[in-house]
Amino acid sequence: MQLHFSPSMRSITISSSNGFIDLMKIKVAARHISYRTLFHTILILAFLLPFVFILTAVVTLEGVNKCSSLDCLGRRLGPRLLGRADDSGQRLVKDFYKILHQVNTEELPDGLKLPDTFSQLVSEMKNKQYDAKTFALMLRAMMEKLERDIRESKFAELMNKHFAASAIPKGIHCLSLRLTDEYSSNAHARKQLPSPELLPLLSDNSYHHMIVSTDNILAASVVVNSAVQSSLQPEKIVFHVITDKKTYAGMHSWFALNPISPAIVEVKGVHQFDWLTRENVPVLEAVESHNGIRSYYHGNHVAGANLSETTPRRFASKLQARSPKYISLLNHLRIYIPELFPNLNKVVFLDDDVVVQRDLSPLWEIDLEGKVNGAVETCRGEDEWVMSKRFRNYFNFSHPLIAKNLNPDECAWAYGMNIFDLSAWRKTNIRETYHSWLKENLKSNLTMWKLGTLPPALIAFKGHVHPIEPSWHMLGLGYQNKTNIDSVKKAAVIHYNGQSKPWLQIGFEHLRPFWTKYVNYSNDFVRNCHILES
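So, here is what we can say about the structure in this document. (Residues numbered from 1 in each chain as written. Predicted model: local features only at pLDDT ≥ 70, side-chain atom pairs only at ≥ 80, totals over all residues. Heavy atoms only, no water.)

1. Considering the overall build of the protein chain
If you tally the helices and strands in the protein chain, you get 20 helices and 12 strands. Counting contacts in the protein chain only where the partners sit at least 6 residues apart, residues at least 24 apart contribute 71% of the total. Of the accessible surface of the protein chain, which amounts to about 29400 Å², a share of 54% is contributed by carbon and sulfur atoms. (Helix = DSSP H or I, 4+ residues; strand = E, 2+ residues; numbered from the N terminus. Contact = heavy atoms within 4.5 Å. Areas by Shrake-Rupley, 256 points an atom, 1.4 Å probe, with all protein chains shown as cover.)

What follows is the structure in structure tokens.
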């Protein structure tokens, strides 16, 4: 860069180093200029010129391939000299947003051939010279297809999980068959349970009586083992194991060949209770024989379901509600406990998917204040699956009978670990209320509620429930993969309610050891059926 003064001192020219381009020319009026003024002018220019040079160099380097003329350079340099930023980038973003909005409101053309990957899309864009709108259209179509594929995969996963949860694992089926065969061939497997001298203790109210109703032999063994091993007074425990007719021989064999000393175990089949007649349980007879009900629980669970208008979570809840166990007599049997055990005053009822981790004897000391059912309430927690349940989660409040008789905000409670005062129960009409509402739901074609035995029990026990401390019964181990392990360790009873049972392959690996620690994997029947510790 060069500075030239004319001989007459009437003009000053700033030119490039090669002299071909005049960057700036200053003309001086034809009047006398003092040397002081000239000196100040030169001083100011000398101060400014380095900055002008640096800015020009930077702009030129930034746009060396895009600015080959002074006109372009001026357009790039001008806004910076005037303190304004170049807004071309912002305009580009606004134009892109406009294109995206336009594409989002338009219908996708039929028969649009989509690339399988994003890299293929970029390659096609280069080869076919896509404009911005075409690129956005293709991208939208690809994303919508991906969303549909993910949604379909999620529903397929839920269906497979439902089938896995409803099926009987081969090892457990093998165990039942082998033990049934043992019952017919081995006298020791048929010995009386308990032995004759202990029979009076089955109705002795000074003992702690526990009841479990199940057709799963392995699960029953875990419930009994865990309760006895966790007890401070195992010699005071009497277990009443109730099963169905087909499982009775195998269940009896297991506890006859594997006594849980010093506790007492009684095994009874439903066919051995004189009280369980068709006259006493007419509603359950109807439930099991009703073709529409059987079709609902055993039929095609996808037929008639509009998957496009439901969420995976709602679909999962509907599948859970259609588990065949909900029409099993064993599942409804708990409502008849006062009649099945007429000499007992207080019992603890346990589901077959629980593990006892603490001595339960203090439950018999709880004052239920005249109530029938001591249970953990399930509306006091924050998780959506288990501990935030109210009546609205179980009932259809658009049905006039439900809306008239129930409060949607009433707190629900949990089955699975309950302390029942049978003396107080026998003074109520709980069983009749239970039957009455079951009939109404059958008449309404199951439009009042869908999910199993808890909804009619919530109605029947209304006003008869005494809340107990949540630490007695922790739920959700079959639902929630992120269950807090510290909370699991502190709970008296942990409940694997939900599809992911610990004896299934779909069970949560980090929660299974709390259950498997009570399985005797050295037992010959367990080993021969390849029920392996995992």
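2. Observations concerning the pairing of strand E6 (residues 264–269)
Looking along a regular strand, one sees the side chains alternate between the two faces of the sheet. Taken across its six residues, E6 has five buried, putting it largely inside the fold. Judged from the six bridges that link them, strand E5 (residues 237–243) and E6 form a sheet pairing that is parallel. Considered in E6, the bridge of Thr-243 is made with Gly-269. Between the parallel elements E5 and E6, the chain passes through helix H8 (residues 245–257) in a crossover that is right-handed. (Buried < 20%, exposed > 50% of the residue type's maximum accessible area, 1.4 Å probe, protein only. Pairing = 2+ DSSP bridges. Right-handed = clockwise from strand over helix to strand, strands pointing away.)

3. Comments concerning the pattern of salt bridges
Tallied over the full model, the rule gives 13 salt bridges. The partner of Arg-380 in a salt bridge is Glu-377, with the nearest N and O atoms 2.9 Å apart. Accessibility expressed as a relative area gives 59% for Arg-380, which makes it exposed. A single salt-bridge network, built from bridges that share partners, covers Asp-215, Asp-244 and Lys-246. (Salt bridge = Lys/Arg side-chain N within 4 Å of Asp/Glu carboxyl O.)

4. Section: unusual backbone geometry
One can expect most non-glycine residues to show negative phi and most peptide bonds to be in trans. Here the residue pair Leu-193 and Pro-194 is connected by a cis peptide bond, since its omega of -10 degrees sits within 30 degrees of zero. Residue position: Pro-194 is located in the loop between helix H6 (170–185) and strand E4 (208–213). A cis amide bond links Ser-261 to the next residue, Pro-262, at an omega of 5 degrees. One non-glycine residue, Glu-369, adopts positive backbone phi at about 55 degrees. Among the structural elements, Glu-369 can be located in the loop between strand E8 (354–356) and strand E9 (373–375). The backbone of His-530 shows a phi angle near 60 degrees, a positive value even though the residue is not glycine. Relative to the elements of secondary structure, His-530 occurs in the segment after helix H20 (524–528).

5. Things to note about the state of the cysteines
Counted under the stated rule, the structure contains two disulfides. Each sulfur of the disulfide joining Cys-174 and Cys-529 lies 2.1 Å from the other. Given an S-S torsion of about -75 degrees, the disulfide between Cys-174 and Cys-529 has left-handed geometry. Taken together, the positions of Cys-174 in helix H6 and Cys-529 in the segment after H20 put the pair 355 residues apart, joining distant regions of the chain. Residue class for Cys-174 comes out buried when judged on its relative accessible area of 18%. Paired through a disulfide, Cys-379 and Cys-411 show a sulfur-sulfur distance of 1.9 Å. Between Cys-379 and Cys-411, the S-S dihedral sits near -105 degrees, and the bridge is therefore left-handed. (Disulfide = S-S within 2.5 Å.)

6. Examining the side chain of Ser-231
Looking at the element boundaries, Ser-231 is found in the loop between helix H7 (217–230) and E5. In contact with Ser-231, not counting residues within four places along its chain, are Ile-237 and Asp-359.

7. Let's talk about the environment of Ser-388
Examined against the element boundaries, Ser-388 turns out to sit in the loop between E9 and helix H14 (400–405). Residues Ser-388 and Thr-378 lie 10 residues apart in sequence; the distance between their C-alpha atoms is 5.8 Å.

8. A short note on the packing of H6 against H8
Between H6 and H8, the shortest axis-to-axis distance is 7 Å and the interhelical angle comes to 80 degrees. Taken together, the axes of H6 and H8 are roughly perpendicular relative to one another. Note on element contacts: H8 touches H6 through Thr-247, Tyr-248, Ala-249, Gly-250, His-252, Ser-253, Trp-254 and Leu-257, opposite Leu-175, Ser-176, Leu-179, Thr-180, Glu-182 and Tyr-183. Looking at the contact of H6 with H8, its residues break down into seven nonpolar, six polar and one charged. (Axes fitted to C-alpha atoms, helices over the stretch in contact; angles between N-to-C directions. Parallel < 35°, antiparallel > 145°, perpendicular 65-115°, else oblique. Nonpolar A, V, L, I, M, F, W, Y, C, P; charged D, E, K, R; others polar.)

9. With respect to the sheet that holds E6
Spatial ordering of the open sheet is given by E6-E5-E4-E7-E10-E9-E11, a layout of seven strands whose pairing is mixed. Unpaired on one side and paired on the other, E6 and strand E11 (465–467) mark the two borders of the sheet. This sheet shows a mean twist of 25 degrees between the axes of neighbouring strands, independent of strand direction. For strand E7 (residues 346–350) and strand E10 (residues 417–421), the ladder comprises five bridges, and the chain directions are antiparallel. Paired with Val-347 across the bridge in E10 is Phe-420. The sheet contacts of H7 involve E4, E5, E6 and E7, and relative to E5 the element is tilted by about 170 degrees.

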